[in-house]
Amino acid sequence: MAETERSILGFLQNSDQISDSGQFSSDHNLDHDQVKNVIKSLQAFRYIDAQEVIRKTWVLTEEGNKYATQGSPEVQLFSAVPEEGSISMVELKKKLGKSIDFAWKYAKEYKWLELENKQVSRKVQHVEDKMKGLLLQIQQGKEVDKDGIDFLKGRKKLIEQVKWNGYCSIKKGPNYAPERRKVSTDLTRENLENWKELEFKEYNFNTKGAPLDSGLLHPLLKVRKQFKDIFVQMGFEEMPTNNFVESSFWNFDALFQPQQHPARDSHDTFFLKAPCTTRTLPEDYVEKVKRVHESGGYGSRGYSCDWKREEANKNLLRTHTTAVSSRMLYALAQKPFVPKKYFSIDRVFRNEAVDRTHLAEFHQMEGLICDRGLTLGDLIGVLKDFFARLGMPKLMFKPAYNPYTEPSMEIFSYHEKLGKWVEIGNSGMFRPEMLRPMGLPEDVQVIAWGLGLERPTMILYGIDNIRDLFGHKVDLGLIKRNPICRIGI
Ligand code: PHE
């Protein structure tokens with residue numbers, strides 16, 4: 001590199017210009033690619049000015065090279081025929097092999113040879129090998145006129161066009177010097193002290209940073225962090241979610257979900273084989289839950305059915321994070337009441353058929369506020385605030401049903417990028433049948449909402465198959481390639 005640079009700068013010291021980088025390279029026995037790189041760099045520092053040029057040139061193919069040395073097939077054929085007399089076609093085929101066919105075609109067309117009684121003889125004394133001549137010209141890098149090129153192109157695959165790029169009219173630039181000055185690159189203490197004497201390298205804002213050799217976060221983790229930050233900014237505390245295994249009691253019964261509910265079927269829920277039942281439940285609370293299911297109370301008629309302890313004891317993989325909320329609200333009710341804002345983000349499991357948009361395990365986020373005198377208006381207000389912080393200010397609510405909330409609302413948001421309303425979550429006010437048996441004061445209400453983590457992540461990162469995002473088939477490349485962060489949902 002240094003030598004190439006010296007020859008270019010040195011040459012310009014005594015000459016006006018270098019007219020062609022290719023020519024210069026061959027004259028000085030330098031590698032043209034290296035010359036180009038040096039020119040580019042000298043130009044960036046304005047030591048020189050140069051014009052980039054792209055030329056199309058012809059080069060010989062393997063076939064072309066062969067004929068450039070051996071001569072065209074038709075001339076080879078001509079030479080194989082004796083000056084006087086004749087030779088049999090069979091003999092010629094032996095000598096020339098397969099190429100005899102098209103060689104013969106041309107020799108006949110040019111009226112060089114004739115065939116009589118299977119014997120071949122010359123019709124002319126001398127032939128000119130036009131093909132070889134042209135091929136040699138190209139091989140030596142000489143200009144070949146259009147007729148010549150057309151002639152060669154008329155034959156199969158002798159030449160091909162390649163792009164050549166280099167520089168022309170390379171001249172001294174405004175910063176020209178016969179040798180490159182050393183420029184400082186670092187802002188060290190010494191450099192700063194001597195800045196007047198030094199020349200600093202200019203910043204190149206277009207260079208890409210070197211890829212960091214570090215761990216990278218999965219998109220779900222990045223979006224989870226975004227949600228978590230918003231909950232925390234809004235003053236929510238995180239609930240402990242470190243139990244995938246839960247009893248039916250906390251997952252369903254405490255939430256006033258009837259024991260005959262279809263979600264409690266093994267078609268929808270994964271039940272555990274071992275240990276198949278839970279060991280401990282708070283007995284006096286279980287008694288209250290049983291009572292509210294069977295005969296109601298707190299203004300409710302209940303489900304008028306037999307409530308079975310065995311059903312409540314069954315262990316399962318939690319089907320929603322609301323199981324965590326029920327445990328937390330119960331714990332809260334055991335102490336003198338203080339208002340709380342809780343959230344959770346973690347994994348849940350459902351016995352679902354897996355397809356592009358469904359997995360048997362996924363993540364839910366849940367937020368709840370527990371305070372005196374809360375209303376549906378508070379829920380709507382909090383949801384608007386929460387989703388606006390995620391870049392979703394346009395919301396719509398649709399009446400819905402959950403066994404543990406009344407009223408219940410599905411949440412829709414207008415998605416600007418997709419141009420449609422998409423369902424983003426579910427919400428409601430926890431029923432008295434759930435809260436009162438826990439022991440929460442009568443005027444305490446709980447507003448809550450839940451949403452999936454995968455769906456917003458897929459929308460945000462443009463992933464349309466959930467199996468590309470989560471599960472054993474996920475390509476590690478997805479984690480490496482996706483953007484560091486995305487703004488909005
Ligand atoms: N648990 C509900 C679900 O799985 C979400 C939800 C949470 C609904 C809290 C209302 C209140 O879809």
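Scroll up to find the structure this text is about.
*Asks:* Which residues make up the overall build of the protein, and what values do they have?
*Replies:* If you tally the helices and strands in the protein, you get 20 helices and 15 strands. Across its three principal axes, the protein shows a C-alpha extent of roughly 125 × 85 × 40 Å. Burial statistics for the protein: of 489 residues in total, 42% are counted as buried. Intrachain contacts of the protein at a sequence separation of at least 6 include 70% that bridge at least 24 residues. Summed over all atoms, the accessible surface of the protein reaches about 28,300 Å², with 50% contributed by carbon and sulfur. Between the centroid of the 72 positive side chains of the protein and the centroid of its 67 negative side chains there is a distance of 2 Å.

*Asks:* Provide a residue-level description of the pairing of strand β5 (residues 119-122), including the pertinent values.
*Replies:* Bridge analysis of strand β3 (residues 87-88) against β5 gives 2 bridges, and the strand direction is antiparallel. Paired with Ile-87 across the strands is Val-120, a residue of β5. Relative to β5, strand β4 (residues 113-116) is paired through 4 bridges, and the arrangement is antiparallel. For Glu-114, the partnering residue across the bridge sits in β5 and is Ser-121. Count of turn residues in the β4/β5 antiparallel hairpin: 2 residues, of which Asn-117 carries a positive phi of about 45°.

*Asks:* Explain helix α3 (residues 32-44) to me, using residue names and the numbers behind them.
*Replies:* Helix length check: α3, at 13 residues, gives a terminal C-alpha distance of 18 Å against a target of 18 Å (1.5 Å per residue), a fit within 8%. All buried positions along α3 are accounted for by His-32, Val-35, Lys-36, Val-38, Ile-39 and Leu-42. In an axial view of α3, the angular spread of the buried residues amounts to 165°, which keeps them on one side of the axis. Residues of α3 that are exposed and point more than 90 degrees away from the buried face comprise Lys-40 and Ala-44.

*Asks:* Break down the site of the ligand for me, with residues and values.
*Replies:* Around the ligand, 13 residues are found, and the nearest of them are His-320, Thr-322, Arg-350, Gln-364 and Tyr-404. Contact between the ligand and Arg-350: an oxygen atom at 3.1 Å from a side-chain N or O atom of the residue. Measuring from an oxygen atom of the ligand, one finds a side-chain N or O atom of Gln-364 at 2.9 Å. Compared with its free state, where it exposes 330 Å², the ligand has 90% of that area covered by protein. The set of elements that each furnish at least two residues to the shell around the ligand consists of β11 (361-372), β14 (420-430) and β15 (444-452). For the shell around the ligand, the class distribution of residues is 3 nonpolar, 8 polar and 2 charged.

*Asks:* So what about the sheet that holds β5? Which residues, and what values?
*Replies:* Across the sheet, which stays open at both edges, the 3 strands sit in the order β3-β5-β4 with antiparallel pairing between neighbours. Two strands close off the open sheet at either side, each with one partner strand: β3 and β4.

*Asks:* Lay out unusual backbone geometry with the relevant residues and their values.
*Replies:* Residue Pro-275 is reached from Ala-274 by a cis peptide bond, and omega for that bond is -5°. Mapped onto the fold, Pro-275 is located in the loop between α12 (248-251) and α13 (283-295). Between Glu-406 and Pro-407 the backbone carries a cis peptide bond, its omega angle lying at -10°. Looking at the element boundaries, Pro-407 is found in strand β13 (residues 405-415).

*Asks:* Go over the environment of Lys-108, please, and point to the residues and values.
*Replies:* Looking at the element boundaries, Lys-108 is found in helix α7 (residues 100-109). Through-space distance from the C-alpha of Lys-108 to that of Val-245 is 90 Å; in sequence the pair is 137 residues apart.

*Asks:* Give me the lowdown on a nonpolar patch on the surface, citing residues and values where you can.
*Replies:* Taken together, the side chains of Leu-187, Leu-192, Tyr-203 and Phe-205 define a hydrophobic patch exposed on the protein surface, amounting to about 550 Å² of accessible area. Positionally, Tyr-203 belongs in the loop between α10 (189-193) and α11 (219-233). Overall, the relative accessible area of 64% leaves Tyr-203 in the exposed class.

*Asks:* Quick one: what's the story with a negative patch on the surface, residue by residue and with numbers?
*Replies:* Side chains of Asp-265, Asp-268, Glu-352 and Asp-355 sit close together on the surface and give a patch of like negative charge. Within the element layout of this structure, Asp-355 appears in the loop between β10 (340-349) and β11. We classify Asp-355 as partly exposed; its relative accessible area is 33%.

*Asks:* A description of the environment of Asn-315 should follow, citing residues and the corresponding values.
*Replies:* By the secondary structure assignment, Asn-315 is in strand β9 (residues 315-317). Taking the C-alpha atoms as reference points, Asn-315 and Thr-277, 38 residues apart in sequence, are found 4.9 Å from one another. Among residues more than four places away in sequence, those in contact with Asn-315 are Val-245, Glu-246, Ser-247, Phe-271, Leu-272, Pro-275, Cys-276, Thr-277 and Thr-278.

*Asks:* So what's going on with the pattern of salt bridges? Which residues, and what values?
*Replies:* The tally for this structure, following the rule as stated, stands at 23 salt bridges. Across the salt bridge formed by Glu-238 and Lys-228, the nearest N and O atoms sit 3.2 Å from each other. Here Lys-228 lies in helix α11 and Glu-238 lies in strand β7 (residues 237-238), a separation of 10 residues in the sequence. Judged by relative accessible area, Glu-238 falls into the partly exposed class, the value being 37%. On the accessibility criterion, Lys-228 (28% relative accessible area) is partly exposed. For Arg-347, the salt bridge is made with Glu-361, and the minimal N-O distance between the two is 2.9 Å. Of this pair, Arg-347 sits in strand β10 while Glu-361 sits in strand β11, placing them 14 residues apart in sequence. A residue is classified by how much of its surface remains accessible, and Arg-347, at 23% relative accessible area, is partly exposed.

*Asks:* So what's going on with helix α5 (residues 73-80)? Which residues, and what values?
*Replies:* Owing to its 3.6 residues per turn, the α-helix brings residues three or four apart onto one side. Among the 8 residues that make up α5, 6 are buried, leaving the element largely enclosed by the rest of the structure. Residues of α5 that are buried include every one of Pro-73, Glu-74, Val-75, Leu-77, Phe-78 and Ala-80, and no others.

*Asks:* Explain the sheet that holds strand β6 (residues 159-172) to me, using residue names and the numbers behind them.
*Replies:* An order of β1-β6-β2 is seen for the 3 strands of this open sheet, with the pairing classed as antiparallel. Only two strands of the sheet have a single partner each, and these edge strands are β1 (17-20) and β2 (48-60). Strand-to-strand, the axes of this sheet are offset by a mean angle of 15°, without reference to chain direction. Judged from the 3 bridges that link them, β1 and β6 form a sheet pairing that is antiparallel. Counted as the bridge partner of Ile-18 is Ile-170 from β6.

Criteria and thresholds
Residues numbered from 1 in each chain as written. Predicted model: local features only at pLDDT ≥ 70, side-chain atom pairs only at ≥ 80, totals over all residues. Heavy atoms only, no water. Helix = DSSP H or I, 4+ residues; strand = E, 2+ residues; numbered from the N terminus. Buried < 20%, exposed > 50% of the residue type's maximum accessible area, 1.4 Å probe, protein only. Contact = heavy atoms within 4.5 Å. Areas by Shrake-Rupley, 256 points an atom, 1.4 Å probe, with all protein chains shown as cover. Lys, Arg positive; Asp, Glu negative; His and termini not counted. Charge placed at Lys NZ, Arg CZ, Asp CG, Glu CD. Pairing = 2+ DSSP bridges. Expected span 1.5 Å × (residues − 1). Arc of directions from axis to C-beta. Near = heavy atom within 4 Å. Polar contact = N/O pair within 3.5 Å; in protein donor to acceptor, adjacent residues only side chain to side chain. Nonpolar A, V, L, I, M, F, W, Y, C, P; charged D, E, K, R; others polar. Patch = residues over 30% accessible without salt bridge, like charges linked within 9 Å, V, L, I, M, F, W, Y side chains within 5 Å. Salt bridge = Lys/Arg side-chain N within 4 Å of Asp/Glu carboxyl O. Axes fitted to C-alpha atoms, helices over the stretch in contact; angles between N-to-C directions.

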